[in-house]
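# Geometric and topological summary
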Amino acid sequence: MEHCNKGKMIEVLACGVVLSSEMPRFTVHVRDEWLTVPCKDATCSIKWLGFEALKRYIKNKPDNGGIQHIKDVRFVVRRCQGLGLLDNDDTIEDVLEDNDFVDLAIEGDTMPQDFIPSQPGTSHLIRPYREPEQNISLDGNSLTSTDLVNLGKGLYKIKLTPEAEQKVEQSRELLDTIVKENKVVYGITTGFGKFARTVIPVSKLKELQENLLRSHSSGLGSPLSPERTRMLLALRINVLAKGYSGVSPETLHRMIQAFNASCLSYVPEKGTVGASGDLAPLSHLALGLMGEGKMWSPKSGWADAKYVLEAHGLKPISLKPKEGLALINGTQMITSLGAEAVERAEAIARQADIIAALTLEVLKGTTKAFDSDIHELRPHPGQKEVALRFRSLLDSDHHPSEIAESHRFCDRVQDAYTMRCCPQVHGIVNDTIEFVKKIINTEINSATDNPMVFAERGETISGGNFHGEYPAKALDYLAIGVHELASISERRIERLCNPSLSELPAFLVNEGGLNSGFMIAHCTAASLVSENKVLCHPSSIDSLSTSAATEDHVSMGGWAARKALRVVEHVEQVLAIELLAACQGIEFLRPLRTTTPLEKVYDLVRSTVKPWMKDRFMAPDIEAVHRLLVDQKVWDIAGPYIEKYCMEIIPESRPSSPTAFALDPPPSPRKRVRLE
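Residue numbers here run from 1 along each chain, matching the order of that chain's written sequence. Totals for whole chains, interfaces and linings use all residues, but because this is a predicted model, local features are given only for residues with pLDDT of at least 70 and pairs of side-chain atoms are given and counted only at 80 or more. Based on all heavy atoms of the structure, the side-chain values leave hydrogens and waters out of the count.

As a further point, take the overall build of the protein chain. Put simply, DSSP H or I for four residues or longer makes a helix, DSSP E for two residues or longer makes a strand, and each gets a number counted from the N terminus. A count of helical and extended segments in the protein chain gives 23 helices and 15 strands. In the protein chain, which comprises 676 residues, the proportion classed as buried is 55%. Two residues qualify as a contact provided that any one of their heavy atoms is within 4.5 Å of a heavy atom in the partner residue. When contacts within the protein chain are restricted to residue pairs at least 6 apart in sequence, those whose partners lie at least 24 apart make up 74%. About 29400 Å² of surface is accessible on the protein chain, with carbon and sulfur atoms providing 52% of the total. When a residue's accessible area, from a 1.4 Å probe over protein chains only, is under 20% of the maximum for its type it is buried; when over 50% it is exposed; and in between it is partly exposed. Here the Shrake-Rupley method, with its probe set to 1.4 Å, supplies the accessible areas, and only the displayed protein chains count as covering residues.

Below you can see the structure in the form of structure tokens.
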């Protein structure tokens with residue numbers, strides 16, 4: 001480790017003012033800490049500054065911050081202002097000024113995507129970055145929403161199929177011919193939108209495409225998360241792989257290289273009206289690939305795009321005629337966010353049945369309302385699925401329940417709608433999700449560019465596939481549908497907490513008055529349900545004319561997708577509160593036990609959250625159970641029991657949809673993408 005010459009010590013006031021210029025100080029960000037490091041000698045190196053900061057960092061950590069030997073740590077240092085990367089051998093006086101903020105990134109750590117070093121005082125979680133080992137081969141025709149979400153999680157790298165390579169090459173050859181023959185074609189040799197009749201000279205066609213990306217990069221708001229930016233980039237690659245956009249193989253390969261290196265552009269979440277496609281967010285996505293604007297990677301954090309690409313040995317894309325338009329014309333922002341929304345909706349919908357079944361047990365409800373003969377008389381697929389799930393979890397012949405046995409001969413005739421009507425209410429949610437998922441999967445594999453390049457016909461044709469009305473309407477419908485899971489769940493939470501309805505202690509806690517129990521957790525659920533009522537107002541019913549009335553009808557699909565995600569998250573959180581409340585209710589019914597699958601669910605929750613003996617900080621408990629639901633742990637526990645029951649009771653029938661009982665989604669009716 002490097003040492004510095006000892007210098008004269010000086011006094012630093014509490015306000016941070018240095019009384020002597022002989023001893024400058026620097027604020028260094030290491031993981032979740034901002035550390036003040038005084039420098040005795042400005043001729044010391046950046047490497048010395050880094051090790052001094054690390055020594056202070058591990059001193060404040062009980063486990064040394066996971067650092068065993070400080071001398072073995074490798075790191076990079078960059079100045080927060082301007083985000084310039086600093087050479088470890090540079091002297092401090094040459095590259096830094098007194099009171100500068102710098103960021104130290106330890107090799108092997110993942111820089112959180114929402115960390116912007118010029119904002120000191122923010123704490124972030126750090127997790128190791130693991131480069132994916134498997135490849136997924138894209139052809140533009142077989143990607144599913146499940147695949148896309150997994151690409152967003154960083155589980156796969158991307159390759160093109162040979163067929164896609166060939167189609168991309170053929171469409172580019174046609175465009176090159178158009179340019180050589182000086183033909184006037186929209187977006188290739190003309191301006192855009194209102195300027196469609198303005199012919200651009202060949203010498204300025206590259207500048208035309210670059211200007212398009214720069215001017216259209218006008219989005220606002222927080223940047224998309226790394227997962228969502230990966231999804232956006234992966235989906236754009238998949239659409240270009242269809243071979244109808246005219247992008248060159250070289251440009252497409254550079255996009256794939258950036259994806260595989262997880263070099264992700266700064267893409268603000270706001271700014272799209274959903275026609276002509278998601279122009280603003282896709283422009284930001286392409287701008288970073290062009291080496292302009294900001295970019296993030298697990299190794300570098302936020303920096304100028306050209307430096308991030310350079311650090312990974314990548315070259316910026318160099319736009320050819322039409323390529324700027326090819327990169328930004330389409331519905332990929334709406335569709336990628338929609339894919340996440342529908343996947344998470346599917347996951348929480350099937351877990352909602354398990355949670356509701358547990359609540360029914362705690363409230364000593366009857367299973368008669370789930371009799372198969374009732375639901376055959378109203379044979380909606382989703383309704384039948386939910387009723388079957390309830391039977392599979394509560395059937396006394398398969399899973400005896402001491403709780404159910406304790407009230408077998410009670411005088412109650414029927415239960416409240418929030419329990420009795422779960423198949424009818426939850427069922428339509430399942431059918432809604434199935435409908436939306438089909439639209440999203442079709443959109444994922446659709447060419448949404450304009451003009452379309454038909455190499456086999458030797459012509460380009462202008463159309464309107466970029467209009468986002470399909471995914472916009474579907475995602476508005478998804479929000480309305482899935483919200484009902486939270487609406488009915490909140491009412492079940494009320495029944496659990498209300499002693500006049502549950503025969504349990506008020507708010508599920510002993511010594512009520514001294515303890516408040518689940519009183520405000522229920523209020524939180526109510527507030528989320530109320531927010532959802534506003535968020536479920538359809539955004540796609542609105543349209544504002546843009547681009548000087550050239551684009552005179554738009555979908556507003558970007559907001560439809562973002563609010564659908566928010567609605568789904570609220571649903572997950574409300575059901576997390578119900579699951580916590582139901583498990584707490586079980587405590588007051590002990591020593592009686594519920595059915596085997598529901599006891600397993602109880603054990604899962606208790607492995608994360610202990611029972612409530614008295615009041616404690618509740619938010620972490622809700623967040624922990626929410627994470628269980630997002631990770632589908634509840635389904636992983638109960639799903640096998642549901643599937644086994646279905647096979648034993650009706651072995652001749654299989655699940656009617658992917659949301660029914662299959663632990664892994666069945667193959668898409670399309671040709672599946674290839675994993676390597």
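What follows picks up the thread again.
Quick look at the confidence of the model for the protein chain now. Of all residues in the protein chain, 89% attain a pLDDT of 70 or more, and the chain-wide mean is 88. Within the model, pLDDT remains below 50 along residues 652-672, and this stretch shows 47 contacts once partners closer than five positions in the same chain are excluded. pLDDT is a per-residue confidence score from the predictor, ranging from 0 to 100.

Here the focus is the packing of aromatic side chains. Side-chain rings of Phe, Tyr and Trp (the six-membered ring for Trp) are treated as a pair once their centres are within 6.5 Å; stacked means planes under 30 degrees apart, edge-to-face means over 60, and tilted covers the remaining angles. Applying the stated rule across the entire model yields 6 aromatic pairs. Ring geometry for Phe-51 and Phe-75: centres 5.2 Å apart, planes at 85°, overall edge-to-face. Pair noted here: Phe-51 is in helix α1 (residues 46-59) and Phe-75 is in strand β3 (residues 75-79), with a separation of 24 residues, a long-range link. There is no split in this pair, since Phe-51 and Phe-75 are both buried. Remark: a charge is flagged as sitting over a ring if the NZ atom of Lys or the CZ atom of Arg is within 6 Å of the ring centre and within 35 degrees of the ring normal. Just above the ring of Phe-454 sits the side chain of Arg-457; from NZ or CZ to the centre is 5.5 Å. A cation over an aromatic ring shows up here: Arg-590 above the ring of Tyr-602, its NZ or CZ 4.8 Å from the ring centre.

Take the state of the cysteines next. Two cysteines form a disulfide when their sulfur atoms are joined by a covalent bond. Any cysteine sulfur atom paired with another within 2.5 Å is treated as part of a disulfide. Taken as a whole and assessed by the stated rule, the structure comprises 0 disulfides. As a non-bridged cysteine, Cys-422 has Cys-421 as the owner of its nearest cysteine sulfur, 8.0 Å distant. Owing to a relative accessible area of 1%, Cys-422 belongs among the buried residues under this scheme.

This next bit is on the pattern of salt bridges. Pairing of side chains with opposite charge becomes possible as their charged atoms draw close. Here, a salt bridge means any Lys or Arg side-chain nitrogen found within 4 Å of an Asp or Glu carboxyl oxygen. Throughout the structure, instances matching the rule amount to 35 salt bridges. The shortest N-O distance in the salt bridge between Arg-172 and Asp-176 comes to 3.1 Å. One end of the pair, Arg-172, and the other, Asp-176, are both in helix α4 (residues 162-180), 4 residues apart, so they sit about a helical turn from each other. Classification of Asp-176 as partly exposed rests on a relative accessible area of 31%. In this structure, Glu-292 and Arg-214 form a salt bridge, with 2.7 Å as the shortest nitrogen-oxygen distance. With Glu-292 in the loop between α8 (279-289) and β11 (294-297) and Arg-214 in helix α5 (residues 205-216), the pair connects residues that are 78 residues apart, well separated along the chain. The exposure class of Glu-292 is partly exposed, given its relative accessible area of 26%.

Turning next to the sheet that holds strand β2 (residues 33-38). At least two bridges found by DSSP between two strands is the condition for calling them paired. Taken together, 5 strands build an open sheet; the order of strands is β2-β1-β5-β3-β4 and the sheet is mixed. The sheet terminates laterally at β2 and β4 (85-86), the two strands that pair on one side only. Where β3 lies against strand β5 (residues 101-106), 5 bridges are found, and the strand directions are antiparallel. If you follow Arg-79 over to β5, its bridge partner there is Val-102. Between N-to-C directions, angles cover 0 to 180 degrees, with each direction set by a line fitted to C-alpha atoms, over the stretch in contact for helices. Together, β1 (25-30), β2, β3, β4 and β5 form the strand contacts of α1, whose direction differs from that of β2 by roughly 125°.

Here we take up the side chain of Arg-562. Inspection of the secondary structure puts Arg-562 in helix α20 (residues 557-587). Those residues in contact with Arg-562, other than ones at most four positions away along the chain, are Glu-269, Lys-270 and Leu-337.

Take the packing of helix α11 (residues 332-362) against α20 next. Between α11 and α20, the least distance of the axes is 9 Å, while the angle of their chain directions is 20°. Between α11 and α20, the angle is such that the two are roughly parallel. Between α11 and α20 lies a crossing of left-handed hand. Along the lines of polarity and charge, the residues of the contact of α11 with α20 split into 20 nonpolar, 5 polar and 6 charged. Orientation is classified from the angle alone, with under 35 degrees giving roughly parallel, over 145 giving roughly antiparallel, 65 to 115 giving roughly perpendicular, and any other angle giving oblique. By the definition used in this description, the sense in which the near helix is turned from the far one sets the handedness, with an anticlockwise turn below a right angle giving left-handed and a clockwise turn giving right-handed. Put simply, Ala, Val, Leu, Ile, Met, Phe, Trp, Tyr, Cys and Pro go in the nonpolar bin, Asp, Glu, Lys and Arg in the charged bin, and everything else, Gly too, in the polar bin.

Moving on to unusual backbone geometry. In this structure, the amide linkage connecting Asn-450 to the following residue, Pro-451, adopts the cis form with an omega of -5°. For Pro-451, the position within the fold is in the loop between α16 (422-444) and β13 (452-454). Residue Met-556 is not a glycine yet carries a positive backbone phi of 55°. In this fold, Met-556 is placed in the loop between α19 (519-535) and α20. Positioned with a positive phi, Gln-632 is a non-glycine residue whose angle comes to about 60°.

This next bit is on the sheet that holds strand β12 (residues 301-304). Spatially, the 3 strands line up as an open sheet ordered β9-β11-β12, and their pairing is antiparallel. Only two strands of the sheet have a single partner each, and these edge strands are β9 (264-265) and β12. Relative to β12, β11 runs antiparallel, the two being bridged by 4 bridges. For Lys-294, the partnering residue across the bridge sits in β12 and is Asp-304.

For the pair α16 and helix α17 (residues 469-497), interaxial distance at closest approach is 9 Å and the crossing angle is 155°. The angle between α16 and α17 falls in the class roughly antiparallel. Between α16 and α17 lies a crossing of left-handed hand. On the side of α16, the interface is formed by Cys-422, Val-425, His-426, Val-429, Thr-432, Ile-433, Phe-435, Val-436, Ile-439, Ile-440 and Glu-443, while α17 contributes Tyr-470, Pro-471, Ala-474, Leu-475, Tyr-477, Leu-478, Gly-481, Val-482, Glu-484, Leu-485, Ile-488 and Arg-492. Looking at the contact of α16 with α17, its residues break down into 17 nonpolar, 3 polar and 3 charged.

Before going further, it helps to examine helix α6 (residues 226-240). Multiplying one less than the number of residues by 1.5 Å gives the expected span of a helix. Over its 15 residues, α6 runs 21 Å from end to end, which matches the ideal 21 Å to within 8%, given 1.5 Å per residue. Here α6 lies mainly inside the structure; 13 of its 15 residues are buried.

So, on to a nonpolar patch on the surface. Residues forming no salt bridge and having over 30% relative accessible area are the ones grouped into patches, like charges within 9 Å of each other and nonpolar side chains (Val, Leu, Ile, Met, Phe, Trp, Tyr) within 5 Å. A contiguous nonpolar surface patch, about 280 Å² in accessible area, is contributed by Ile-428, Phe-435 and Tyr-477. Checked against the element boundaries, Ile-428 lands in helix α16. The exposure class assigned to Ile-428 is partly exposed, which follows from its relative accessible area of 45%.

The next point concerns the pairing of β1. A large share of β1 lies buried, amounting to 6 of its 6 residues. In β1, alternate side chains face the same way, and those of Arg-25, Thr-27 and His-29 on one face and Phe-26, Val-28 and Val-30 on the other are all buried. In textbook terms, the turn of a hairpin is the stretch between consecutive antiparallel strands, and for β1 and β2 this stretch comprises 2 residues, one of which, Arg-31, has a positive phi near 55°. Relative to β5, β1 is paired through 4 bridges, and the arrangement is parallel. Each residue of the ladder has a partner; that of Val-28, found in β5, is Val-102.

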